[in-house]
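Report on the structure
Listed below, chain by chain, are the residues.
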Amino acid sequence: MEAEGQRTLSNPSTTLTSLLSKREKLQEELRNIEKQVYDLETSYLHDSSQSGNVLKGFEGFLSSSKSTTNLKRSRKFQPEDRLFSLSSITSPAAEEHIVGRDGANRRREEQHQEMEGELDLQVSMILMMKMILT
C-alpha cells in the first residue's frame, strides 16, 4: 500500500489527473447542494409569503386586519430575499442576480471569472513544471 502511494506521488501526471478528477467531482457536488438550497429557499419564500418569514417579519401572521390585496402583493419575493443562495457566488440565485446587475458589476464578475481561469492555468503550469523537474 505504501509503494502504491509513492508511485502516485512520483508520477505528477497521474497526480494532476487525479486532482483534476477530484476537483470536478467536488464542483458537481457543490452545484447539486446549491441547487437544493435554492429550491428549498424558493419553497420557503413562497410558502411563508402570507404569514411572514424571518427576512420580512411576521406582521402578516400577527395582523388579521391586513387586506387580501396586500397579501397578494407580498407573495412576490425579490431576488435580494435569497439570503442563503446569494451567500455563494456560484449558486443559481447569484447567477440570476448577476444578470440583473448593471454593466459595471457584470464586468467585475467577468474579471473574477477570468482571474479564476488564470489561476487554474497557473496551477496546471506549476504542476507540469514539477513533473518536468522530477
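Below or above, wherever it landed, is the structure these notes cover.

Cut-off values and rules
Residues numbered from 1 in each chain as written. Predicted model: local features only at pLDDT ≥ 70, side-chain atom pairs only at ≥ 80, totals over all residues. Heavy atoms only, no water. Salt bridge = Lys/Arg side-chain N within 4 Å of Asp/Glu carboxyl O. Helix = DSSP H or I, 4+ residues; strand = E, 2+ residues; numbered from the N terminus. Buried < 20%, exposed > 50% of the residue type's maximum accessible area, 1.4 Å probe, protein only. Phe/Tyr/Trp six-rings, centres within 6.5 Å; stacked < 30°, edge-to-face > 60°. Lys NZ or Arg CZ within 6 Å of the ring centre and 35° of its normal.

The subject of this paragraph is the pattern of salt bridges. Side-chain pairs of opposite charge can arise where the charged atoms are in close proximity. Taken as a whole and assessed by the stated rule, the structure comprises five salt bridges. Notably, a salt bridge pairs Arg23 with Asp120, separated by 3.0 Å at the nearest N-O pair. Of this pair, Arg23 sits in helix 2 (residues 12-47) while Asp120 sits in helix 6 (residues 103-133), placing them 97 residues apart in sequence. A residue is classified by how much of its surface remains accessible, and Arg23, at 35% relative accessible area, is partly exposed. Among the salt bridges present, the one from Asp39 reaches Lys35, with a minimum N-O distance of 2.9 Å. With Asp39 and Lys35 both in helix 2, this residue pair falls four residues apart, about one helical turn. The partly exposed category is assigned to Asp39, whose relative accessible area is 37%.

In this structure the tally under the stated criterion is zero aromatic pairs. Over the face of the ring belonging to Tyr38 we find Arg82, whose NZ or CZ atom lies 4.1 Å from the ring centre.

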